[in-house]
Amino acid sequence: MSKIDIINFDGVYEPAEDSWLMSRYIPEFKGSVLEIGCGSGIISIHLAQRGNQVTAIDINPKAVEATKFNSKNNNLEVEVFEGDMFHPVQGRKFGTIVCNPPYLPPADEYDDPELELAVEGGPTGTEFTIQFLSLAKEYLEPNGSIYMILSSRMDKFETKWNKETIKQEKYFFERLNLVRFNNF
Ligand SMILES: C[S@@+](CC[C@H](N)C(=O)[O-])C[C@H]1O[C@@H](n2cnc3c(N)ncnc32)[C@H](O)[C@@H]1O
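Residues numbered from 1 in each chain as written. Predicted model: local features only at pLDDT ≥ 70, side-chain atom pairs only at ≥ 80, totals over all residues.

1. Structural notes on the environment of Phe9
Just so we agree on the cut-off: The secondary structure listing takes helices from DSSP runs of H or I that are at least 4 residues long and strands from runs of E that are at least 2 residues long, numbered from the N terminus. To sort residues by exposure, count the other C-beta atoms lying within 10 Å of each residue's C-beta; 20 or more gives buried, 12 or fewer gives exposed, and values between give partly exposed, all with C-beta atoms placed from the backbone. Contact criterion: two residues are in contact if their C-beta atoms, reconstructed from the backbone, are within 7 Å.
Here Phe9 shows up in the segment before α1 (17-25). Since 20 C-beta atoms lie within 10 Å of it, Phe9 is described here as buried. Spatially, the C-alpha atom of Phe9 lies 16 Å from that of Ile57, the residues being 48 residues apart in sequence. The contacts of Phe9, once residues within four sequence positions are left out, are Ser40, Lys62, Glu65 and Ala66.

As structure tokens, this is what we get:
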């Protein structure tokens, strides 16, 4: 895999442990991929570099600009839309859907609304993820898979999807999991 250069943009989530966990350990597959919440574009760009046809969405217009810039800067094609979750791709289906979601419960530590949007997943940290998983089936091809990052700092939640942990990394304050959901 050749090196990817990511330029950081003001107001856009800077790649961190969760972004690298997904980029490094997501298994090989080929086909159409949708990323919800692309931020700088790091994950979408990795997947485009592997030869997938990648579509990326973010609600933050600065993230859309960053993903367009970074994909072009790495000579890779990514289709990028601004929008709320699946809204811009209504009626379409993808072989794989990926998301490193906002997953933390609210904290007072952010004065930056774009950073807050990137990290806070609702009152228990799970609300974004639960909504994402309940909508995703409509956009996933039969036998497709969803890959997500989940944190030990989120509350536990129930889902109809089969869930399998692909890779876990431990930090002193949390455990991050790369999880695959499929078959429901
Ligand atoms: C944790 S960041 C991940 C960014 C990037 N994928 C990475 O791994 O570095 C979550 C991203 O989700 C975006 N986001 C938050 N709510 C969203 C929504 N309702 N629809 C689409 N994107 C959303 C944020 O703007 C942010 O860029």
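What follows picks up the thread again.
2. Examining the sheet that holds strand β4 (residues 94-99)
Definition in use: Criterion used throughout: strands pair if DSSP finds at least two bridges between them. The axes are straight lines fitted to the C-alpha atoms, using for helices just the contacting stretch, and the angles between their N-to-C directions are given from 0 to 180°.
Taken together, seven strands build an open sheet; the order of strands is β3-β2-β1-β4-β5-β7-β6 and the sheet is mixed. Strand pairing shows two members of the sheet lacking a second neighbour, β3 (78-82) and β6 (162-170), which therefore form its edges. Each strand axis lies, on average, 15 degrees off the axis of its neighbour in the sheet, ignoring direction. Pairing between strand β1 (residues 32-36) and β4: three bridges, direction parallel. Bridge pairing in β4 places Glu35 opposite Val98.

3. Looking at the nonpolar core
Note the cut-off: In these notes, a nonpolar core means any group of buried Ala, Val, Leu, Ile, Met, Phe, Trp, Tyr and Cys residues linked to one another through C-beta atoms within 7 Å.
Judged by nonpolar contacts, the single largest core of 42 residues is most densely connected at Met22, Ile97, Val98, Ile146, Tyr147 and Met148. Sequence-distant contacts of Ile97, that is, excluding residues within four places in its chain, are made with Leu34, Ile36, Ala136, Tyr139, Leu140 and Ile146.

4. Let's talk about the site of the ligand
Where we set the bar: We call a residue near a molecule or strand if the C-beta atom, set from the backbone, is within 6 Å of it. As a working rule, the residues Ala, Val, Leu, Ile, Met, Phe, Trp, Tyr, Cys and Pro are called nonpolar, Asp, Glu, Lys and Arg charged, and the rest polar, with Gly in that last group.
The local shell around the ligand holds 23 residues, among which Ser19, Gly37, Gly39, Asn100 and Ala118 are the closest. Elements supplying a minimum of two residues to the shell around the ligand: α1, α2 (42-49), β2 (53-58) and α4 (113-119). Ranked by residue count, the leading element in the shell around the ligand is α4, at three residues. Split by residue class, the shell around the ligand holds 14 nonpolar, six polar and three charged.

5. Observations concerning the pairing of β6
In this sheet, strand β7 (residues 175-182) lies alongside β6 in antiparallel orientation, the contact comprising eight bridges. Looking across to β7, one finds that Glu164 is bridged to Arg180. Once β6 ends, the chain turns through four residues before running back antiparallel as β7.

6. Points about the environment of Ala107
Secondary-structure assignment places Ala107 in the loop between β4 and α4. Once the C-alpha coordinates of Ala107 and Ile7 are considered, the two residues, 100 residues apart in sequence, prove to be 27 Å apart.

7. Focus on the packing of α2 against helix α3 (residues 61-73)
Formally: Each helix crossing is assigned a hand: it is left-handed if the near helix lies turned anticlockwise from the far helix by less than a right angle, otherwise right-handed if that turn is clockwise.
Two elements in contact, α2 and α3, have axes whose closest approach is 9 Å; the angle formed by their N-to-C orientations is 30 degrees. Our pair here, α2 against α3, has a crossing hand that is right-handed. When α2 is examined against α3, the residues Ser44, Ile45 and Ala48 are found in contact with a partner set consisting of Thr67, Asn70 and Ser71. Split into classes, the residues belonging to the contact of α2 with α3 amount to two nonpolar, four polar and no charged.

8. Quick look at the environment of Val12
Here Val12 is to be found in the segment before α1. Aside from chain neighbours lying at most four places away, what touches Val12 is Gly39, Ser40, Asn60, Lys62, Ala63 and Ala66.

9. Points about helix α5 (residues 127-136)
Definition in use: Arc, as used here, means the arc of the directions from the helix axis to the C-beta atoms.
Among the residues of α5, Phe128, Thr129, Leu133 and Ala136 are the ones counted as buried. Angular distribution of buried residues about the axis of α5 spans 125 degrees; they occupy a single face of the element. Buried residues along α5 sit in contact with β4, β5 (140-151) and β7.

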